[in-house]
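Chains, contacts and geometry: an overview
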Amino acid sequence: QVQLVESGGGLVQPGGSLRLSCAASGSILSINDMGWYRQAPGDQRELVALISSGSSARYADFVKGRFTISRDDAKNMVYLQMNSLKPEDTAVYYCYVLVAPRVGPRLLEVWGQGTLVTVSS
(Lines give C-alpha, C1' and ligand atoms only; values in the text may rest on other atoms or scores of the structure.)
Protein backbone atom coordinates (compact mmCIF):
# COMPACT_ATOMS: atom_id res chain seq x y z
CA GLN A 1 0.00 0.00 0.00
CA VAL A 2 1.17 3.52 -0.80
CA GLN A 3 0.28 6.67 1.13
CA LEU A 4 0.76 10.35 0.42
CA VAL A 5 0.98 13.02 3.09
CA GLU A 6 0.74 16.66 2.04
CA SER A 7 1.70 19.76 3.98
CA GLY A 8 2.20 23.47 3.48
CA GLY A 9 -1.26 24.80 2.71
CA GLY A 10 -2.78 27.77 4.47
CA LEU A 11 -3.88 31.38 4.19
CA VAL A 12 -1.73 33.85 2.28
CA GLN A 13 -2.25 37.36 0.98
CA PRO A 14 -2.34 38.09 -2.74
CA GLY A 15 1.19 38.31 -4.10
CA GLY A 16 2.49 36.02 -1.39
CA SER A 17 4.16 32.62 -1.56
CA LEU A 18 3.58 29.14 -0.23
CA ARG A 19 5.43 25.88 -0.61
CA LEU A 20 3.54 22.61 -0.70
CA SER A 21 5.23 19.32 0.13
CA CYS A 22 4.11 15.75 -0.42
CA ALA A 23 5.78 12.63 0.94
CA ALA A 24 5.13 9.19 -0.51
CA SER A 25 5.61 6.13 1.65
CA GLY A 26 4.78 2.45 1.68
CA SER A 27 5.54 -0.46 -0.59
CA ILE A 28 7.16 1.46 -3.45
CA LEU A 29 9.42 -0.05 -6.07
CA SER A 30 9.78 3.14 -8.09
CA ILE A 31 7.96 6.39 -8.74
CA ASN A 32 7.14 7.60 -12.23
CA ASP A 33 5.26 10.88 -12.51
CA MET A 34 4.61 13.14 -9.53
CA GLY A 35 2.38 16.15 -9.60
CA TRP A 36 -0.17 18.53 -8.19
CA TYR A 37 -3.81 19.05 -9.09
CA ARG A 38 -6.27 21.48 -7.62
CA GLN A 39 -10.01 21.79 -7.20
CA ALA A 40 -11.87 24.98 -6.40
CA PRO A 41 -15.44 24.89 -5.07
CA GLY A 42 -17.85 24.08 -7.87
CA ASP A 43 -15.05 23.31 -10.31
CA GLN A 44 -13.52 20.12 -11.64
CA ARG A 45 -10.12 18.96 -10.51
CA GLU A 46 -7.44 20.35 -12.83
CA LEU A 47 -3.76 19.75 -13.42
CA VAL A 48 -1.40 22.33 -11.95
CA ALA A 49 2.00 20.78 -12.61
CA LEU A 50 3.53 17.41 -13.35
CA ILE A 51 7.13 16.21 -13.19
CA SER A 52 8.40 13.00 -14.73
CA SER A 53 10.95 10.57 -13.34
CA GLY A 54 13.47 12.32 -15.56
CA SER A 55 12.52 15.67 -13.98
CA SER A 56 10.82 16.99 -17.07
CA ALA A 57 8.11 19.37 -15.89
CA ARG A 58 4.97 20.70 -17.45
CA TYR A 59 2.63 23.33 -16.13
CA ALA A 60 -0.89 24.56 -16.64
CA ASP A 61 -0.89 27.86 -18.49
CA PHE A 62 -2.41 29.66 -15.53
CA VAL A 63 0.64 28.97 -13.31
CA LYS A 64 3.50 29.28 -15.78
CA GLY A 65 6.15 31.63 -14.48
CA ARG A 66 4.67 31.63 -10.96
CA PHE A 67 4.81 28.02 -9.73
CA THR A 68 7.74 25.60 -9.76
CA ILE A 69 7.49 21.86 -9.24
CA SER A 70 10.44 19.80 -8.04
CA ARG A 71 11.09 16.35 -6.65
CA ASP A 72 13.55 14.61 -4.34
CA ASP A 73 13.71 10.96 -5.31
CA ALA A 74 15.91 10.04 -2.36
CA LYS A 75 13.09 11.12 -0.05
CA ASN A 76 10.14 10.22 -2.32
CA MET A 77 8.93 13.79 -2.12
CA VAL A 78 7.46 16.33 -4.50
CA TYR A 79 7.22 20.06 -3.91
CA LEU A 80 5.27 22.94 -5.37
CA GLN A 81 6.70 26.42 -4.86
CA MET A 82 3.91 28.91 -5.45
CA ASN A 83 4.81 32.58 -5.91
CA SER A 84 2.76 35.63 -6.86
CA LEU A 85 -0.37 33.95 -5.61
CA LYS A 86 -3.72 35.27 -6.76
CA PRO A 87 -7.19 34.92 -5.21
CA GLU A 88 -8.14 32.63 -8.10
CA ASP A 89 -5.46 30.19 -6.94
CA THR A 90 -7.65 29.41 -3.94
CA ALA A 91 -8.41 25.70 -4.01
CA VAL A 92 -7.72 22.35 -2.42
CA TYR A 93 -4.42 21.12 -3.82
CA TYR A 94 -3.95 17.39 -4.27
CA CYS A 95 -0.69 15.53 -4.58
CA TYR A 96 -0.56 12.81 -7.24
CA VAL A 97 1.98 10.07 -7.90
CA LEU A 98 2.20 7.25 -10.40
CA VAL A 99 4.08 4.47 -8.68
CA ALA A 100 5.26 0.96 -9.37
CA PRO A 101 4.38 -0.83 -6.13
CA ARG A 102 6.38 -3.79 -4.85
CA VAL A 103 3.22 -5.89 -4.83
CA GLY A 104 0.12 -5.61 -6.94
CA PRO A 105 -0.47 -3.84 -10.25
CA ARG A 106 2.43 -2.76 -12.42
CA LEU A 107 1.46 0.92 -12.04
CA LEU A 108 -0.76 2.56 -9.46
CA GLU A 109 -2.20 6.07 -9.27
CA VAL A 110 -2.21 7.45 -5.75
CA TRP A 111 -3.79 10.67 -4.49
CA GLY A 112 -3.20 12.67 -1.35
CA GLN A 113 -5.96 13.86 0.94
CA GLY A 114 -5.65 17.46 -0.22
CA THR A 115 -4.43 20.64 1.42
CA LEU A 116 -6.34 23.92 1.32
CA VAL A 117 -4.71 27.02 -0.08
CA THR A 118 -6.58 30.26 0.48
CA VAL A 119 -5.38 33.48 -1.13
CA SER A 120 -7.15 36.43 0.40
CA SER A 121 -6.47 39.83 1.94
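Scroll up for the structure.
Small disclaimer: the values here were computed from a predicted structure and weren't measured.

Okay, the environment of Pro101 next. The residue Pro101 is located in strand β9 (residues 91-101) in this model. According to the relative accessible area criterion, Pro101 is buried, its value standing at 9%. Separated by 75 residues in sequence, Pro101 and Gly26 have C-alpha atoms that sit 8.5 Å apart. Beyond its immediate stretch of four places on either side in the chain, Pro101 contacts Ser27, Ile28, Leu29, Arg106, Leu107 and Leu108.

Our next topic: the pairing of strand β10 (residues 108-111). Here β9 pairs with β10 via four bridges, running antiparallel. Across the sheet, the residue bridging to Val99 is Leu108, located in β10. Here β9 hands over to β10 after six residues, with Gly104 in that stretch at a positive phi of 110°.

Let us now look at the side chain of Thr115. With respect to the helices and strands, Thr115 occurs in strand β11 (residues 115-119). Only 3.3 Å separates the side chain of Thr115 from the backbone nitrogen of Gly9, close enough to count as a polar contact. Those residues in contact with Thr115 that lie beyond four places of it in its chain are Glu6, Gly9, Leu20, Ala91, Val92 and Tyr93.

What follows covers the packing of aromatic side chains. In the structure shown here, the tally under the stated rule is three aromatic pairs. Here the aromatic rings of Tyr37 and Trp111 are separated by 5.0 Å at their centres, their planes lie at 65°, and the arrangement is edge-to-face. Here Tyr37 is found in strand β4 (residues 28-39), whereas its partner Trp111 is found in strand β10, with 74 residues between them in sequence. The class of Tyr37 is buried, set by a relative accessible area of 19%. Through successive ring pairs, a cluster of aromatic residues spans Tyr37, Tyr96 and Trp111.

Moving on to the state of the cysteines. Enumeration according to the criterion identifies one disulfide in this entry. The disulfide partner of Cys22 is Cys95, and the S-S distance across this bridge is 2.1 Å. Sign of the S-S torsion, about -85° for the bond between Cys22 and Cys95, identifies this disulfide as left-handed. In this pair, Cys22 is assigned in strand β3 (residues 18-26) and Cys95 in strand β9, connecting sequence segments 73 residues apart. With relative accessibility at 0%, the residue Cys95 sits in the buried group.

Here is what the cut-offs are and how they apply
- Residues numbered from 1 in each chain as written.
- Predicted model: local features only at pLDDT ≥ 70, side-chain atom pairs only at ≥ 80, totals over all residues.
- Heavy atoms only, no water.
- Helix = DSSP H or I, 4+ residues; strand = E, 2+ residues; numbered from the N terminus.
- Buried < 20%, exposed > 50% of the residue type's maximum accessible area, 1.4 Å probe, protein only.
- Contact = heavy atoms within 4.5 Å.
- Pairing = 2+ DSSP bridges.
- Polar contact = N/O pair within 3.5 Å; in protein donor to acceptor, adjacent residues only side chain to side chain.
- Phe/Tyr/Trp six-rings, centres within 6.5 Å; stacked < 30°, edge-to-face > 60°.
- Disulfide = S-S within 2.5 Å.

Worth remembering: the numbers are spatial, not functional.
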